[in-house]
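Commentary on secondary and tertiary structure
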Amino acid sequence: FNILVSALNCEKYLETCLSSIVSQAIKCDIILINPRPTKVYNEIKKKFNQNIHFSIEEPDEGCADGLNKGLKYINNHYLCVLNGDDYFLRNSLNTVVKELESKPDILIGNGFVVDSNKYLIREYKSDRFSFEKLISNVGTVCHQATFYRKKIFEEGIKFNKNNTTSWDAEVLLE
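This report concerns the structure included in the present document. What you are looking at is a predicted structure, and each value in this text was computed from that prediction instead of being measured.

1. Focus: the side chain of N2
- Along the chain, N2 turns up in strand β1 (residues 2-6).
- The class for N2 is buried, based on a relative accessible area of 0%.
- In this structure, N2 is in contact with D29, I31, H53, Y73, I74, N75, N76, Y78, L79 and C80, ignoring residues within four places of it in sequence.

2. Details of the sheet that holds strand β4 (residues 78-83)
- The strand order across the open sheet formed by six strands is β3-β2-β1-β4-β8-β5, and the pairing between neighbours is mixed. On the outer flanks of this sheet lie β3 (52-56) and β5 (106-108), each paired with one strand and no other. Between one strand axis and the next, the sheet turns through 20 degrees on average, direction left out of account.
- Direction of pairing for β1 relative to β4: parallel, over a ladder of five bridges. The partner of I3 across the bridge, within β4, is C80.

3. Overview of the pairing of strand β8 (residues 146-149)
- Neither face of β8 is exposed, since T146 and Y148 on one face and F147 and R149 on the opposite face are all buried.
- Pairing geometry for β4 and β8, over three bridges, is antiparallel. By the bridge assignment, Y78 is partnered in β8 with R149.
- Bridge analysis of β5 against β8 gives three bridges, and the strand direction is antiparallel. In the strand pairing of β8, L107 is matched with F147.

4. Some remarks on a nonpolar patch on the surface
- A surface patch of nonpolar side chains, amounting to about 320 Å² of accessible area, comprises L89, F112 and L120.
- Examined against the element boundaries, L120 turns out to sit in strand β7 (residues 120-124).
- Judged by relative accessible area, L120 falls into the exposed class, the value being 58%.

5. What about the environment of D65?
- Inspection of the secondary structure puts D65 in helix α3 (residues 63-71).
- Here the alpha-carbon distance between D65 and V113, two residues 48 residues apart in the chain, equals 26 Å.
- Ignoring sequence-local partners within four residues, the contact set of D65 consists of D60 and K161.

6. Some details on the nonpolar core
- Counting residues in each nonpolar core, the largest one holds 24 residues, and the members touching the most others are F1, I3, V5, L18, I21 and L32.
- Sorting the residues of this core by element identifies β1, α1 (11-22), β2 (29-33), α2 (39-47), β4 and α4 (92-99) as the ones contributing at least two each.
- If one sorts the elements of this core by residue count, α1 sits on top with four residues.
- Excluding residues that lie within four positions of it along the chain, I3 makes contacts with I21, C28, D29, I30, I31, C80, L82 and F88.
- Counting 19 residues, the second largest nonpolar core, distinct from the first, contains L4, A64, W167 and V171.

7. What to know about the environment of E11
- Examined against the element boundaries, E11 turns out to sit in helix α1.
- C-alpha separation for the pair E11 and D85, spaced 74 residues apart in sequence, amounts to 8.0 Å.
- The residues touching E11, leaving out its near neighbours within four places in the chain, are T38, V40, Y41 and I44.
- A polar contact is formed between the side chain of E11 and the side chain of T38, at a distance of 2.8 Å.

Reading guide: rules and limits
Residues numbered from 1 in each chain as written. Predicted model: local features only at pLDDT ≥ 70, side-chain atom pairs only at ≥ 80, totals over all residues. Heavy atoms only, no water. Helix = DSSP H or I, 4+ residues; strand = E, 2+ residues; numbered from the N terminus. Buried < 20%, exposed > 50% of the residue type's maximum accessible area, 1.4 Å probe, protein only. Contact = heavy atoms within 4.5 Å. Pairing = 2+ DSSP bridges. Axes fitted to C-alpha atoms, helices over the stretch in contact; angles between N-to-C directions. Patch = residues over 30% accessible without salt bridge, like charges linked within 9 Å, V, L, I, M, F, W, Y side chains within 5 Å. Areas by Shrake-Rupley, 256 points an atom, 1.4 Å probe, with all protein chains shown as cover. Salt bridge = Lys/Arg side-chain N within 4 Å of Asp/Glu carboxyl O. Core = buried A, V, L, I, M, F, W, Y, C linked by side-chain atoms within 4.5 Å. Polar contact = N/O pair within 3.5 Å; in protein donor to acceptor, adjacent residues only side chain to side chain.

Shown next as structure tokens:
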């Protein structure tokens, strides 16, 4: 897997995020994206340098633009976008690997919403995605548990940098 980590303003949680990736039984290549790195960010990044496949630290026009820059460095068959204040549960990618055996273009999973102490607030269940749900604003997709096949982006699909709220949903529509 490639994990694109959008890390802007996530210093408080970034170490937990990166630890959750490198502790997986499945090898992941991290593409770290932060258009405005801080001293704290750089200290955290240094701890994980050997696990970071590529780091993008240049200005961008928002999250989707930064992610599009990261797509250039994808070197595995599947990728996932994880915010720097999110994390994977231990060995959760083992389950993902099993689900990907049928080679879907996109796999949408579920997640959990937790507080800053990692206490469960609620389960985050993704809906079966559809255009109707998107335009009605009733569908939910846990983008942190969505895995995309690399070939989708090789065919020219990109995250829409003009859409600041549901850039990932547009990829699902394609």
